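Understanding the architecture of this molecule
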Amino acid sequence: QVQFVESGGGLVQPGGSLRLSCTVSGIMFRSAHMRWYRQAPGKQREPVATVLNGGTTTYADFVRGRFTISRDNAKNTVFLQMNMAKPEDTGVYYCNLLTPATVWGQGTQVTVSS
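Described in the following lines is the structure provided in the data block. What you are looking at is a predicted structure, and each value in this text was computed from that prediction instead of being measured. (Residues numbered from 1 in each chain as written. Predicted model: local features only at pLDDT ≥ 70, side-chain atom pairs only at ≥ 80, totals over all residues. Heavy atoms only, no water.)

In this section: the pattern of salt bridges. Summed over all chains, the structure comprises four salt bridges. The salt bridge involving D89 is made with R38; its shortest N-O contact spans 2.9 Å. Of this pair, D89 sits in the loop between β8 (77-82) and β9 (91-97) while R38 sits in strand β4 (residues 34-39), and the two are 51 residues apart along the sequence. Under the relative-accessibility criterion, D89 is labelled buried at 0%. Exposure remark for R38: the relative accessible area of 5% places this residue in the buried category. For R64, the salt bridge is made with D61, and the minimal N-O distance between the two is 2.5 Å. A relative accessible area of 47% places R64 in the partly exposed class. (Salt bridge = Lys/Arg side-chain N within 4 Å of Asp/Glu carboxyl O. Helix = DSSP H or I, 4+ residues; strand = E, 2+ residues; numbered from the N terminus. Buried < 20%, exposed > 50% of the residue type's maximum accessible area, 1.4 Å probe, protein only.)

In structure tokens, the structure reads:
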């Protein structure tokens, strides 16, 4: 069964940076298309950034130019580098497949505040 373990969240000031990590097990990671999602307080979970198995990346408009998604197939890990953080980036960040599995990890909390 697929499992996702997210880490790296925390409190960051507006304009600051964080690097999130997600280690995946239970699937052939190098073949998987991976996506970061986030859920802000009181809102539905939404896609943030995608990295395909070949390395192609796409971003939601609200993070394009500020966030970078990447992957390390040797470590079964996908990353999200968050730069120029904004208060509206606050939320719980999750990784999952491009077509989400029914199982989700615990997520990692990101709070952008001064």
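Moving on: the sheet that holds β4. Backbone hydrogen bonds are what pair the strands of a sheet, in a parallel or an antiparallel way. The strand order across the open sheet formed by six strands is β2-β10-β9-β4-β5-β6, and the pairing between neighbours is mixed. The open sheet terminates on both sides in strands that have one partner only, identified here as β2 (10-12) and β6 (57-59). The sheet shows a mean angle of 25° between the axes of neighbouring strands, taken without regard to direction. As judged from the five bridges shared by β4 and strand β5 (residues 46-51), these two strands associate in the antiparallel manner. Bridge pairing in β5 links R35 to T50. (Pairing = 2+ DSSP bridges. Axes fitted to C-alpha atoms, helices over the stretch in contact; angles between N-to-C directions.)

The next point concerns the environment of M84. You can see M84 is positioned in the loop between β8 and β9. As a C-alpha pair, M84 and P14 span 70 residues in sequence and 6.9 Å in three-dimensional space. Aside from chain neighbours lying at most four places away, what touches M84 is G15, G16, S17, G65, R66 and D89. (Contact = heavy atoms within 4.5 Å.)

Here we take up the side chain of N96. Residue position: N96 is located in strand β9. Relative accessible area serves as the criterion here: at 0%, N96 is assigned to the buried category. From its side chain, N96 meets the backbone nitrogen of A101 in a polar contact 2.8 Å long. Among residues more than four places away in sequence, those in contact with N96 are F4, H33, M34, R35, Y37, A101, V103 and W104. (Polar contact = N/O pair within 3.5 Å; in protein donor to acceptor, adjacent residues only side chain to side chain.)

Counting 29 residues, the largest nonpolar core has F4, M34, W36, V78, L80 and Y93 as the members making the most contacts within it. Of all the secondary structure elements, the ones that give two or more residues to this core are β3 (18-25), β4, β5, β7 (67-72), β8, β9 and β10 (108-112). It is β3 that provides the largest number of residues to this core, a total of four residues. (Core = buried A, V, L, I, M, F, W, Y, C linked by side-chain atoms within 4.5 Å.)

Take the pairing of β3 next. Of the strand pairs in this sheet, strand β1 (residues 3-7) and β3 are connected by five bridges, and their pairing is antiparallel. Looking across to β3, one finds that F4 is bridged to V24. Two elements, β3 and β8, share six bridges in a ladder whose sense is antiparallel. Residue T23 lies in a different strand from β8, and its bridge partner there is T77.

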